[in-house]
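Here is what each chain is made of, one letter per residue.
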Amino acid sequence: MYILGIESSCDDTSAAVIADGGLLLSNVIASQSVHEEYGGVVPELASRAHQQNIVPVVDAAIRRAGIERGELSAIAFTRGPGLIGSLLVGTSFAKGLSLGLRVPMVDVNHLQAHVLAHFIKETPQTEVPEFPYLCLLVSGGNSQIIVVRSARDMEIIGRTIDDAAGEAFDKCAKVMGLPYPGGPHIDRLAAEGDPEAFRFARPRIEGLDYSFSGLKTSFLYTLRDNLRTDPDFIEKRRADLAASLQATIIAILMNKLEKAVDMTGITTVAIGGGVSANSGVRNAVAAMCERRGLKAFIPERKFTTDNAAMVAIAGYFKYLDSDFCPYNAVPYARIGS
Ligand code: KG4
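What comes next is a walk through the structure. Note that this is a predicted model, so its numbers are computed, not measured. (Residues numbered from 1 in each chain as written. Predicted model: local features only at pLDDT ≥ 70, side-chain atom pairs only at ≥ 80, totals over all residues. Heavy atoms only, no water.)

## With respect to helix 8 (residues 279-292)
Part 1 of the argument: Counted at 1.5 Å a residue, the expected span for helix 8 with its 14 residues is 20 Å, and the 20 Å between its end C-alpha atoms agrees.
Part 2 of the argument: Among the residues making up helix 8, those that are buried are Gly280, Val281, Arg282, Ala284, Val285, Met288 and Cys289.
Part 3 of the argument: Buried residues belonging to helix 8 abut helix 5 (183-190), helix 7 (233-264), strand 9 (268-272) and strand 10 (295-297).
Part 4 of the argument: In this structure Asn278 caps helix 8, since a side-chain oxygen of it lies 2.9 Å from the backbone nitrogen of Gly280.
Part 5 of the argument: Backbone geometry just downstream of helix 8 places Gly293 in the positive-phi region, at approximately 70°. (Helix = DSSP H or I, 4+ residues; strand = E, 2+ residues; numbered from the N terminus. Expected span 1.5 Å × (residues − 1). Buried < 20%, exposed > 50% of the residue type's maximum accessible area, 1.4 Å probe, protein only. Contact = heavy atoms within 4.5 Å. Polar contact = N/O pair within 3.5 Å; in protein donor to acceptor, adjacent residues only side chain to side chain.)

Set out below in structure tokens:
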């Protein structure tokens, strides 16, 4: 059994093949550099780049897997959420290939794919989580705590009420003059700075929900106030600002994650999404799990950002349930749209 996964929700065109049991045979990603000069993803340009990339990327994934097209059992594709023009490219391509090869099509929710990325097996010995587990999903568009009872049964028990953690990284990095996306730059700078040099606002909201807008404002005010007396403030304190910002974001994330552990009593904790590539986030989750005797699943960095291997594994679970997608399916930009 071979499942082809196709991911085109934002600015990465990716295709992957997995075999029975979730064994990864190939995972090809074409990233789009065209957006760099604009300081963010330009949807129109992303769709066009997907059109250019999709055939060679899928072709390479099948070749690298060492199989023939005709051996594929199903085509899994990201149906949403994401940029609609980008999603249309992957969806249309999946339909064409599925019709041409006469194999079923499986639609995948991009966020669930991030959560299930822990089941990708690079070797038959790769350890995978047992259900139930808690997943902290942190990306450019989402910050959620999810109870994962099975591959099909997930409940969001905490979510951001304003910005996502990735947006907090990126927007603060932008006002410091760092390139987009700023998250990885903050991560790198933070390693050389003092995490206690500055104190930024932390939200005080009940329950398991997140908020990052207050932090963003307080970061902005710190820069504004200090720049009044020292025009070179950012330049001089870059590393300390990055380290303090990162430490605050991590403290906010960990506070609710620990609460979720207390409330649910679940003993396995996983992380996923682009921000889970952050060194500080990874260390904090690993340390919390170690301290509390929990099992931690920290994905390899290549599976934290958008990739088709996670789409293929999510599609694999639906394929096992014969949960196929009709040909009149259309992509969705947001959940519920
Ligand atoms: O999941 P993802 O690839 O896609 C979107 O949701 O768009 O997440 C992208 C986010 C961006 O905000 C980026 O700055 C952040 O993940 N990110 C990081 C790191 N690597 C990526 N944030 C902090 N530290 C990193 N090392």
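## A few points about the site of the ligand
Part 1 of the argument: Taken together, 18 residues lie near the ligand, and Gly140, Asp170, Asp187, Gly274 and Asn278 sit nearest.
Part 2 of the argument: Between the ligand and Ser139, the relevant distance is 3.2 Å, taken from an oxygen atom to a side-chain nitrogen or oxygen of the residue.
Part 3 of the argument: Alone, the ligand offers 550 Å² of accessible surface; in the complex the protein occludes 84% of this.
Part 4 of the argument: Considering only residue class, the shell around the ligand consists of five nonpolar, ten polar and three charged.
Part 5 of the argument: Here the shell around the ligand spans two domains, since at least three of its residues come from each of domain 1 (2-126 + 303-320) and domain 2 (133-302). (Near = heavy atom within 4 Å. Areas by Shrake-Rupley, 256 points an atom, 1.4 Å probe, with all protein chains shown as cover. Nonpolar A, V, L, I, M, F, W, Y, C, P; charged D, E, K, R; others polar. Domains from an automatic or database assignment.)

## Quick word on the nonpolar core
One recurring pattern in soluble globular proteins is that nonpolar side chains are buried together.
Part 1 of the argument: Core analysis: the biggest nonpolar cluster contains 47 residues, and Phe212, Ile249, Leu253 and Leu257 have the highest contact counts within it.
Part 2 of the argument: Going through the elements one at a time, strand 6 (133-138), strand 7 (143-148), helix 4 (165-175), helix 5, helix 6 (213-229), helix 7, strand 9 and helix 8 are the ones with two or more residues in this core.
Part 3 of the argument: Considering every element that reaches this core, the biggest residue donor is helix 7, with 14 residues.
Part 4 of the argument: Ranked by size, the runner-up nonpolar core spans 33 residues in total, among them Ala16, Val108, Phe119 and Met310. (Core = buried A, V, L, I, M, F, W, Y, C linked by side-chain atoms within 4.5 Å.)

## With respect to the sheet that holds strand 8 (residues 154-159)
Part 1 of the argument: Across the sheet, five strands lie side by side as 8-7-6-9-10; this open sheet has mixed pairing. Both edges of this open sheet fall to strand 8 and strand 10, since each of them pairs with a single strand only. Going across the sheet, the axis of each strand differs from the next one's by a mean of 20°, ignoring polarity.
Part 2 of the argument: Packed on one face of the sheet, helix 7 meets strand 6, strand 7, strand 8 and strand 9 and runs near 160° to strand 6. (Pairing = 2+ DSSP bridges. Axes fitted to C-alpha atoms, helices over the stretch in contact; angles between N-to-C directions.)

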